[in-house]
Amino acid sequence: MFQTFKGISFAVAVIFGCSKKKMEDTSDEINLNLRVHLMRGTPWVHPTRVSMESWVTKQDVSDTIFPEINSIWSQANITWNSESIVEENIVVGSDYQTAVDYIVNSARDDEGVSDPNRLPYLYGLMQPDNRSSNAQLGTNLFHVYVFPFTGNTSQGNAMAGLGYHTVVGQWSNKHTDSESPEKMYLTEDHSKFVRGSLSATIAHELGHVVGLSHNECKKCLMSSSGYSMTDTQIETARAKATNRVK
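Basis of the calculations
- Residues numbered from 1 in each chain as written.
- Predicted model: local features only at pLDDT ≥ 70, side-chain atom pairs only at ≥ 80, totals over all residues.
- Heavy atoms only, no water.
- Helix = DSSP H or I, 4+ residues; strand = E, 2+ residues; numbered from the N terminus.
- Buried < 20%, exposed > 50% of the residue type's maximum accessible area, 1.4 Å probe, protein only.
- Contact = heavy atoms within 4.5 Å.
- Areas by Shrake-Rupley, 256 points an atom, 1.4 Å probe, with all protein chains shown as cover.
- Phe/Tyr/Trp six-rings, centres within 6.5 Å; stacked < 30°, edge-to-face > 60°.
- Lys NZ or Arg CZ within 6 Å of the ring centre and 35° of its normal.
- Salt bridge = Lys/Arg side-chain N within 4 Å of Asp/Glu carboxyl O.
- pLDDT = per-residue confidence, 0-100.
- Disulfide = S-S within 2.5 Å.
- 1 Å grid on protein atoms, 1.4 Å probe; cavity = no way out; pocket = protein on both sides within 12 Å on 5 of 7 lines; lining within 4 Å.
- Points joined across faces, edges and corners; volume = space filled by probe spheres on them.
- Nonpolar A, V, L, I, M, F, W, Y, C, P; charged D, E, K, R; others polar.

(A) The overall build of the protein, seen in detail. Regarding its fold elements, the protein presents seven helices and nine strands. The buried share of the protein, reckoned over its 246 residues, is 50%. If you take every contact in the protein between residues at least 6 apart in sequence, the share linking residues at least 24 apart comes to 65%. Carbon and sulfur atoms form 48% of the exposed surface of the protein, whose accessible area is close to 11,400 Å².

Shown next as structure tokens:
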């Protein structure tokens, strides 16, 4: 929808419900480095018998996902640069099938909270050499891992307790309430929010990485039902991002 990464256009300001003055109140553009890991392996089979292959390509990431992420984050004058796009083999160790079985069967509890125990399993499926080292944590290097699936009714998780090695799913059944998973949309029309997209999910999870929380606004990026950010969210994200680039 939008291809301009640098500067803020009036059209973007209108789409996101932000005034032109608000756009001008942000200071210099902040550039953050994002490494995208496309997780490869045999398809994961959901209990509903849906076979979930890894289908997102490097070209999808460079031509569609990055432009969409940056169109969303342009309202904060933050640009996510592609540090690298890695096609990474999922680690197949002795507990591989146990991990996959747990992930595809995981669910939210009665209060709507996603099962946190699935996250260490996802972390363990990442190639250790491609994760941030202890010395790199907190620096200007961010990670998004594009797995086949991240759990029932889940689209992603920022994994705060695991170095913010963010995971998102190429398939999701959040919109079907745990029924058969379907491929995520790469993008979705901003004016007709239906169930979000892979790009919007990544943009949302990156919001957590730079200090934003749920329930800070309605029908917005961090409520998972829109694309806008509040002035306070922009200020918080820019402050956190500035600390990461120092």
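(B) Structural detail: the packing of aromatic side chains. With the rule as written, the count across this model stands at six aromatic pairs. Among the aromatic residues, ring-to-ring pairing joins Trp44, Tyr145 and Phe147 into one connected group. Just above the ring of tyrosine 123 sits the side chain of arginine 131; from NZ or CZ to the centre is 4.0 Å.

(C) The arrangement of the pattern of salt bridges in detail. Per the stated rule, a full pass over the model turns up four salt bridges. Close ionic contact of glutamate 83 with arginine 35 constitutes a salt bridge, the shortest N to O distance being 2.8 Å. One end of the pair, glutamate 83, is in strand E4 (residues 78–89); the other, arginine 35, is in strand E1 (residues 30–40), and 48 residues separate them in sequence. Residue glutamate 53 pairs with lysine 183 through a salt bridge whose shortest N-O separation is 3.5 Å. One end of the pair, glutamate 53, is in the loop between strand E3 (51–52) and helix H3 (58–73); the other, lysine 183, is in strand E9 (residues 182–183), and 130 residues separate them in sequence.

(D) Highlighting the confidence of the model for the protein. A residue-level look at the protein finds 89% of positions with pLDDT of 70 or above and a mean pLDDT of 90. Scored below 50 in pLDDT, residues 1–24 makes 41 contacts in the model with residues more than four places away or belonging to other chains.

(E) Focus on the state of the cysteines. Evaluation of the coordinates by the stated rule reveals one disulfide. Here cysteine 217 connects covalently by a disulfide to cysteine 220, the sulfurs 1.7 Å from one another. The disulfide joining cysteine 217 to cysteine 220 has a torsion of about 70° about its S-S bond and is therefore right-handed. One exposure class covers both cysteine 217 and cysteine 220, and it is buried.

(F) Summary view of the layout of surface pockets. Its boundaries defined by the atoms lining it, the largest pocket holds a volume of some 630 Å³. Together, 33 residues line the largest pocket, and Lys174, His204, Glu205, His214 and Ser224 are the ones closest to its centre. Every element with two or more residues in the lining of the largest pocket is listed here: strand E6 (156–157) and helix H6 (198–209). With five residues, the single largest contributor to the lining of the largest pocket is H6. Of the residues assigned to the lining of the largest pocket, the class counts are ten nonpolar, 18 polar and five charged. Of the volumes computed, that of the second largest pocket is approximately 150 Å³. Around the second largest pocket, the lining residues are Ser132, Gln136, Leu137, Gly138, Leu141, Phe142, His143, Gly163, Tyr164, Val209, Lys240 and Arg244. Along the lines of polarity and charge, the residues of the lining of the second largest pocket split into five nonpolar, five polar and two charged.

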